[in-house]
Amino acid sequence: QKEVEQDPGPLSVPEGAIVSLNCTYSNSAFQYFMWYRQYSRKGPELLMYTYSSGNKEDGRFTAQVDKSSKYISLFIRDSQPSDSATYLCAMRLGNKLVFGAGTILRVKS
Amino acid sequence: EAGVAQSPRYKIIEKRQSVAFWCNPISGHATLYWYQQILGQGPKLLIQFQNNGVVDDSQLPKDRFSAERLKGVDSTLKIQPAKLEDSAVYLCASSLNRDQPQHFGDGTRLSIL
């Protein structure tokens, strides 16, 4: 079993839709939770960084952490074609980051 | 603020050849990381430096991979000899310190023939 599970997609949605991206994890010792966006042939770009259970909002993005269920989510409101990318969840254990495999998102105009 | 710089962007070599990648982190960032990202997978940490010292190299295949960060700024990652399974994107990241978020460069895409 992988430490971090993420559905690879692709997830295809129409412009303006609300997108939900999810990751589950097995190690309850993970402390910090991140979402990165990766465009084709580019490096991952940090979107959201959270520590505690609950919600964190930044513009059109909301990150949700449920430590009791070992489940994290990223919601994108009013999705745009420019949101088309691979979204990677990542979790920190000590000094080490463990990434999910990424979900490919395609937003159609 | 300038981002993490990596070169070259692309490299094609034959198996058993050697190759080196270079990384210049964000100015002032003490922690530097090298990751390997195979197609369809998330990045996997190879080695982590704090200034010019190695913090974690537990997943670095030390029989063929080596890395250094002389003077605590720039870093190089070397593969010698390369194998077909080394085909991947090699990403460099840096952070202010080990507790801060990591910022990534655009990587070097390595193809082994």
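Residues numbered from 1 in each chain as written. Chains lettered and ligands numbered in written order. Predicted model: local features only at pLDDT ≥ 70, side-chain atom pairs only at ≥ 80, totals over all residues. Heavy atoms only, no water.

## A word on the sheet that holds strand β3 (residues 19–24) of chain B
Residue and element names in this part refer to chain B.
Step number 1: A sheet is described by the order of its strands in space; here four strands give the open sequence β1-β3-β8-β7, paired in antiparallel fashion. Because the sheet does not close on itself, it has two edges, and the strands there are β1 (5–7) and β7 (65–68). For this sheet, the mean inter-axis angle between neighbouring strands, taken without regard to orientation, is 15 degrees.
Step number 2: Sheet topology places β3 next to strand β8 (residues 75–79); five bridges connect them, and they run antiparallel. (Pairing = 2+ DSSP bridges. Helix = DSSP H or I, 4+ residues; strand = E, 2+ residues; numbered from the N terminus. Axes fitted to C-alpha atoms, helices over the stretch in contact; angles between N-to-C directions.)

## Re the side chain of B:S95
Step number 1: In this structure, B:S95 sits in strand β9 (residues 88–95).
Step number 2: Apart from residues no more than four positions distant in its own chain, B:S95 is found in contact with B:H29, B:A30, B:T31, B:Y33, B:Q100, B:P101 and B:Q102. (Contact = heavy atoms within 4.5 Å.)

## Notes on the interface of chain A and chain B
Step number 1: Counting residues at the interface gives 16 residues for chain A and 22 residues for chain B.
Step number 2: Taking both sides of the interface into account, the surface hidden between chain A and chain B amounts to around 1600 Å²; carbon and sulfur atoms contribute 47%.
Step number 3: Counting the surface chain A buries against chain B, the share from its top three residues, A:R41, A:N95 and A:F99, is 35%.
Step number 4: For the interface between chain A and chain B, the tally reads two salt bridges.
Step number 5: Residue B:D99 pairs with A:R92 through a salt bridge whose shortest N-O separation is 3.3 Å.
Step number 6: The tally of links between chain A and chain B comes to six residue pairs in polar contact (both at pLDDT 80 or more).
Step number 7: Listed by contribution, the elements that provide at least two residues to the side of chain A that touches chain B are β4 (32–38), β5 (45–50), β9 (85–93) and β10 (96–99) of chain A.
Step number 8: The element best represented in the side of chain A that touches chain B is β10(A), accounting for three residues.
Step number 9: Its residues assigned to classes, the side of chain A that touches chain B shows eight nonpolar, four polar and four charged. (Buried area = accessible area lost by both parts, 1.4 Å probe. Salt bridge = Lys/Arg side-chain N within 4 Å of Asp/Glu carboxyl O. Polar contact = N/O pair within 3.5 Å; in protein donor to acceptor, adjacent residues only side chain to side chain. Nonpolar A, V, L, I, M, F, W, Y, C, P; charged D, E, K, R; others polar.)

## Some points on the pattern of salt bridges
All names here are of chain A.
Step number 1: This model, assessed by the stated rule, comprises seven salt bridges over all chains.
Step number 2: Put simply, E57 and R77 hold a salt bridge, and the shortest N to O gap is 3.4 Å. Taken together, the residues E57 in strand β6 (residues 54–58) and R77 in the loop between β8 (71–76) and β9 connect sequence positions 20 residues apart.
Step number 3: The class for R77 is partly exposed, based on a relative accessible area of 29%. (Buried < 20%, exposed > 50% of the residue type's maximum accessible area, 1.4 Å probe, protein only.)

## Section: the nonpolar core
Residue and element names in this part refer to chain A.
Step number 1: Among the nonpolar cores identified, the biggest contains 25 residues, and V4, W35, I72, L74, I76, Y87 and M91 are the most heavily contacted of them.
Step number 2: At the level of elements, β3 (19–25), β4, β5, β7 (61–66), β8, β9 and β11 (103–108) are the ones that each hand at least two residues to this core.
Step number 3: If sequence neighbours within four positions are ignored, Y87 has contacts with Q6, L21, Y36, R37, L47, L74, I76, G102, T103 and L105. (Core = buried A, V, L, I, M, F, W, Y, C linked by side-chain atoms within 4.5 Å.)

## Looking at the environment of A:I76
All names here are of chain A.
Step number 1: Within the fold, I76 resides in strand β8.
Step number 2: Judged by relative accessible area, which is 0%, I76 ranks as buried.
Step number 3: Sequence separation between I76 and A29 is 47 residues; the distance between their C-alpha atoms is 27 Å.
Step number 4: Dropping the residues within four chain positions of it, I76 is found in contact with A17, I18, V19, L21, R60, F61, D83, Y87 and L105.

## Digging into the packing of aromatic side chains
Step number 1: According to the stated counting rule, one finds 12 aromatic pairs over all chains in the structure shown.
Step number 2: The interplanar angle of 90 degrees and the centroid separation of 5.8 Å between the aromatic rings of A:F99 and B:Y35 together place this pair among those described as edge-to-face. Taken together, the positions of A:F99 in strand β10 and B:Y35 in strand β4 (residues 31–37) put the pair across two chains. Take A:F99 and B:Y35: they sit in the same class, and that class is buried. (Phe/Tyr/Trp six-rings, centres within 6.5 Å; stacked < 30°, edge-to-face > 60°.)

Interpretation in functional terms is not warranted from these geometric data alone.
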